Structure formats: C-alpha cells, structure tokens
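# Chains, contacts and geometry: an overview
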Amino acid sequence: MPELPEVETVVRGLRGPLIGRRIAGVRFGKTDFIDDPAALSEALPGCRIVRVERYGKFISLALEPTDAARTPVQFMIHLGMTGQLMTRRASDAVAKHTHVFVELDEDLELRYTDARRFGRMLLVTSEKKAEFHSRLGREPLDISEAEFAELIGKRHARIKALLLDQSVLRGMGNIYTDESLWRARIHPAHEAARLNGEQLKELYRALRRVLAAAIKLRGSSISDYLDAEGLPGDYQSRHRAYGREGKPCPRCRTPIRRIIVAGRSSYFCPQCQRAPRARKRPTRGAGKTKAQSKRVQTKRG
DNA sequence: CGTTGAACCTGTTTGC
DNA sequence: TGCAAACAGGTTCAAC
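It should be emphasised that the depicted structure is a prediction, and the values quoted were computed from it without experimental measurement.

### Side note on the overall build of chain A
Across its full length, chain A holds eight helices and 10 strands. Counting only C-alpha atoms and orienting by the principal axes, one finds that chain A spans roughly 65 × 50 × 45 Å. For chain A, with 301 residues in total, the buried portion stands at 46%. In chain A, the proportion of contacts linking residues at least 24 apart, taken out of those at least 6 apart, comes to 61%. With an accessible surface of roughly 15800 Å², chain A has 48% of that area assigned to carbon and sulfur atoms. Charge-centre separation for chain A: the mean point of 57 positive side chains lies 11 Å from the mean point of 35 negative side chains.

Below, the structure written as structure tokens:
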C-alpha cells in the first residue's frame, strides 16, 4: 500500500513528535515480520531519536545511544501493504493488529499496526549499512534525466517491471507506476530498451510530476493507508488509470483496461498507451510456440 | 538476464 | 443468505 509519497508523508509527520525523544522501552505483539526482535529490545532502550528519514519505502529512525559504549544505529521500518506507524498517548486505546510499541518519554508511544504483517523491521548498524543500501536503487526524485535514461534505456525487461524493481529505482509501487505510465502514454508491457529518447524523457517527467503531486496531497488512501497523524491522503481522487478499470480514460474516453504485467494488476488506456509490438527473442535455435509453453496445473500430484 | 508463480497473512469484495 | 474465490498499496525466492 504505502509507496514513496505515503512513506514520505509519514516521515514528515513523525519528525515533529519523534525528533529529540528518548526511547524508554519496546514491547511486541507478533514478531514474525521483525528480522531480530531480541536485537531491538537490546539496542533501542536508552537511545535518542535524532533523525527521521526515508529511503525508498523504508522509514529510518536514526538513533544515538546515551551510553557512550554503544554505537549509533538506524531502526528501519517498512510498512509493507497495510502497515501504519503513529504516535499515541500510552493510555490511548490500542488498535487491532498493533504489534510494536516503542515507549517514549512524556507518556508517548510510537505504535506499529499491520494487519497482514507484510511489513518489516530491522536494525542497520554501521557494518550492515553497505549491505542494506546495496539492495536499493536510486531515489526517483533525485536522479537526473540523463541518469534515468542510462539506468532504464538499455534494459530488456518490461518497463513496469523495472519501475517496480526497488534495486533500480526505490519507492515506486503499483499505483504510481501505472499513473506515471498513463501520463507518459507508455504501455506497461513495453520493453524498456525499445522506448525512444522522447518516451524516456516523457516518462521521467511523468514520474516526477506524479510523485511530487502525490506528496503534496499526502499520498493515496484506498482502504488502509493513514499517515502518522491518522489522516488519509487525498491523491486517490487524482488517479487517472489505477483502479479505474472500465471507466473512461480522462484523455480520450476509451475504457481503461486491466491486465497483469510483472505479476501485478496494471491499469492503462489501450488507446493512449499502445501495446508494444511483439518482442522477438534474438535467440539461437527454434523458439517455443505458445501451445508448447502452455502447461496443466499439477498442484497436488 | 528476464519471467512467472507461489509464498508470506488477513481482510474485504465479488460471484455463483 | 452462504460460501468460496478473487483481490489488495509489497517483497522474496525457486524454477525455468
């Protein structure tokens, strides 16, 4: 659920309440989405939160220990599909599916709620920093047009798969990928390397405009997303393609269609976003026919 | 390299 | 009404 604009909104909303605060303790409900819960219990108490940042879809709480013997760490939180992070008074009622309570001073708590538990929490120490960042690509709003073209333009994957790949660009998800492709008039299954310079430029511009506009409206709320103050975003009213199957394209009135690309529902206008020509694999030898690659499901043998 | 499908888990919506 | 299937903003991994 939460993509770059939603995570950015949460981060901005957490800075005020969290920066400068000291962590008193941590309590857990279920912990199967936490890399090493014991390490959190061990490291967090006594630390001061000095920065709140976003890396793609990760929220980072930079922690300075008050104990000089310990070293600074980053507490990384990924919201997955249904994660919510907000500050509450310790005496406030606890929402269902709340699994982490970070006890702060002055009767405050940072609470993590996540029905599906697709989120993730981990501690990144200075030694693990390189490894953590090696899995993440570029920040879409920091990259230049030339760098974007270089990064995308020679790849043979479908453009949608590339935009969703967090090791290429970090932060794009299903909504903003579809919205950007609609704006740039590019079919989600288009092979990246077959996009011309003009299309790459359009896509780069579309991405930036869509992400910036979504951040301005504090993200999209469809069913679960709420920001750090418990407020929904407003960008869902600006969706042009995502979630609009059968509704008219805002540009040409052709009904929006939904297909599966890169394993995800992909909404696009079949008129504005022309299907790419069938790709030829420059393979050696005989290619497979469709009939040959078809297979019967054999689930339980 | 790239693609697909399944898995992780729960809740909600859709279809028969 | 009831029940099962499909679907959901994400990521990862095996198999091809």
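That covers the picture; the talk isn't over yet.
### Remarks on the packing of helix α6 (residues 174-184) against helix α7 (residues 197-216)
Contact pair α6 / α7: the axes reach a minimum separation of 8 Å and the direction vectors enclose 130 degrees. Here α7 runs oblique to α6, going by the angle between their axes. The hand of the α6/α7 crossing is right-handed. Contacts between α6 and α7 involve Tyr176, Glu179, Ser180, Leu181, Arg183 and Ala184 from the first element and Glu202, Leu203, Ala206, Leu207, Arg209, Val210, Leu211 and Ala214 from the second. A breakdown of the residues in the contact of α6 with α7 according to their chemical character gives nine nonpolar, one polar and four charged.

### A short note on the domain arrangement of chain A
By the assigned domains, chain A splits into domain 1 (4-134) and domain 2 (145-268). Computed over C-alpha atoms, the centres of domain 1 and domain 2 are 28 Å apart. When the two sides are added together, the surface that domain 1 and domain 2 hide from each other amounts to roughly 1600 Å², 62% of it contributed by carbon and sulfur. Three residues, Pro5, Glu6 and Thr9, lead the burial of domain 1 against domain 2; their summed loss comes to 32% of the area buried on that side. The tally of links from domain 1 across to domain 2 stands at zero salt bridges. Counting every contact that joins domain 1 to domain 2 gives six residue pairs in polar contact (both at pLDDT 80 or more). Among the elements that line the side of domain 1 that touches domain 2, the one with the most residues is helix α1 (residues 4-18), at nine residues.

Rules used in this analysis
- Residues numbered from 1 in each chain as written.
- Chains lettered and ligands numbered in written order.
- Predicted model: local features only at pLDDT ≥ 70, side-chain atom pairs only at ≥ 80, totals over all residues.
- Heavy atoms only, no water.
- Helix = DSSP H or I, 4+ residues; strand = E, 2+ residues; numbered from the N terminus.
- Buried < 20%, exposed > 50% of the residue type's maximum accessible area, 1.4 Å probe, protein only.
- Contact = heavy atoms within 4.5 Å.
- Areas by Shrake-Rupley, 256 points an atom, 1.4 Å probe, with all protein chains shown as cover.
- Lys, Arg positive; Asp, Glu negative; His and termini not counted.
- Charge placed at Lys NZ, Arg CZ, Asp CG, Glu CD.
- Axes fitted to C-alpha atoms, helices over the stretch in contact; angles between N-to-C directions.
- Parallel < 35°, antiparallel > 145°, perpendicular 65-115°, else oblique.
- Left-handed = near helix turned anticlockwise from the far one by under 90°.
- Nonpolar A, V, L, I, M, F, W, Y, C, P; charged D, E, K, R; others polar.
- Domains from an automatic or database assignment.
- Buried area = accessible area lost by both parts, 1.4 Å probe.
- Salt bridge = Lys/Arg side-chain N within 4 Å of Asp/Glu carboxyl O.
- Polar contact = N/O pair within 3.5 Å; in protein donor to acceptor, adjacent residues only side chain to side chain.

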